[in-house]
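# A structural walkthrough
What follows is the residue order along each chain.
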Amino acid sequence: MRWMLLIVAVVAGFYGWKHTGERAVAREVARVAVRNPSGFVPVAMPADAPARTVWVFAPQNCPSDAAARADNLARTLQAEGIPVVRASSLSIQITAPDEETKQRLQRLDVVMRGTIPAVLIDGMGKANPSAEEVIREFRRTGG
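All of the points below concern the structure found in this document. (Residues numbered from 1 in each chain as written. Predicted model: local features only at pLDDT ≥ 70, side-chain atom pairs only at ≥ 80, totals over all residues. Heavy atoms only, no water.)

## Comments concerning the pattern of salt bridges
The final tally for this structure, using the stated rule, is seven salt bridges. Among the salt bridges present, the one from Arg104 reaches Glu100, with a minimum N-O distance of 3.0 Å. Separated by four residues within a single helix, Arg104 and Glu100 lie in helix α3 (residues 99-113), roughly one turn from each other. When its relative accessible area of 26% is taken as the criterion, Arg104 is described as partly exposed. (Salt bridge = Lys/Arg side-chain N within 4 Å of Asp/Glu carboxyl O. Helix = DSSP H or I, 4+ residues; strand = E, 2+ residues; numbered from the N terminus. Buried < 20%, exposed > 50% of the residue type's maximum accessible area, 1.4 Å probe, protein only.)

Okay, structure coming up:
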């Protein structure tokens, strides 16, 4: 019985520590987002991400409200002449990451776990931004 209690305590401690770390990263993302007028934060980008292109992530061919928001956002951006990639997944390839890269990966995780759609632009990301925020960020980063 003692072993079982010890195992439960260790598992509970691990999950508590893990969630505390996730909350700390989420707080850091919120703190960094406040410094940017459009609320985007520095994130790691997909391996094949072309520059000056907005990536909109949400499930493809899905009837959910979130997927509809992503589709509408992509159409709005395209109508503004902004290059858009609409995707449902991404691939990151990193070898021997430094501390800044690790932080960007952690922020990317927070953005991708946030409300859909997740949007990435030239090393910056945000969960569920408005079209105006995306356009502002695209122009701020050189678009």
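## Description of the environment of Glu133
For Glu133, the position within the fold is in helix α4 (residues 131-140). In this structure the C-alpha to C-alpha distance between Glu133 and Phe40, which are 93 residues apart in sequence, comes to 8.6 Å. If we skip the residues at most four places from it in the chain, Glu133 touches Ser38, Phe40 and Lys126. A polar contact is formed between the side chain of Glu133 and the side chain of Lys126, at a distance of 2.8 Å. (Contact = heavy atoms within 4.5 Å. Polar contact = N/O pair within 3.5 Å; in protein donor to acceptor, adjacent residues only side chain to side chain.)

## Digging into the sheet that holds strand β4 (residues 118-121)
What the five strands build is an open sheet, ordered β1-β5-β4-β2-β3; its pairing is mixed. Since the sheet does not close on itself, it has two edges, and those belong to β1 (41-42) and β3 (84-87), each with one partner. Bridge count for strand β2 (residues 54-57) against β3 is four bridges, and the pairing is parallel. Across the sheet, Val54 pairs through a bridge with Val84, a residue of β3. (Pairing = 2+ DSSP bridges.)

## With respect to unusual backbone geometry
Both trends apply: most residues other than glycine have a negative phi, and most peptide bonds are in trans. The linkage connecting Ile116 with the following residue, Pro117, adopts the cis geometry, with an omega of 5°. Backbone geometry at Asp122 places phi at a positive 40°, although glycine is not the residue there. Classification of Asp122 by relative accessible area gives partly exposed; the value is 28%.

## Quick notes on the environment of Leu73
For Leu73, the location among the structural elements is in helix α2 (residues 65-79). The exposure class assigned to Leu73 is buried, which follows from its relative accessible area of 6%. Residues Leu73 and Ala131 lie 58 residues apart in sequence; the distance between their C-alpha atoms is 5.9 Å. Not counting residues up to four positions away in its chain, the partners in contact with Leu73 are Val56, Pro117, Val119, Pro129, Ser130, Ala131 and Val134.

## Side note on α4
Among all positions of α4, only Ala131, Val134, Ile135, Glu137 and Phe138 are buried. Along α4, the residues classed as buried sweep out an arc of 165° about the axis, all on the same side. Exposed residues lying more than 90 degrees from the buried face of α4 are Glu132 and Arg139. Buried residues along α4 sit in contact with β2, α2, β4 and β5 (124-127). Looking one or two places after α4, you find Gly142, whose phi comes out positive at around 115°. (Arc of directions from axis to C-beta.)

## Some remarks on the pairing of β2
Each regular strand displays side chains that alternate between the two surfaces of the sheet. Burial of β2 is two-sided: the residues Val54 and Val56 facing one way and the residues Trp55 and Phe57 facing the other way are all buried. Note on the crossover from β2 through α2 to β3: the handedness is right-handed. With four bridges connecting them, β2 and β4 associate as antiparallel partners. Bridging across to β4, Val56 finds its partner in Val119. (Right-handed = clockwise from strand over helix to strand, strands pointing away.)

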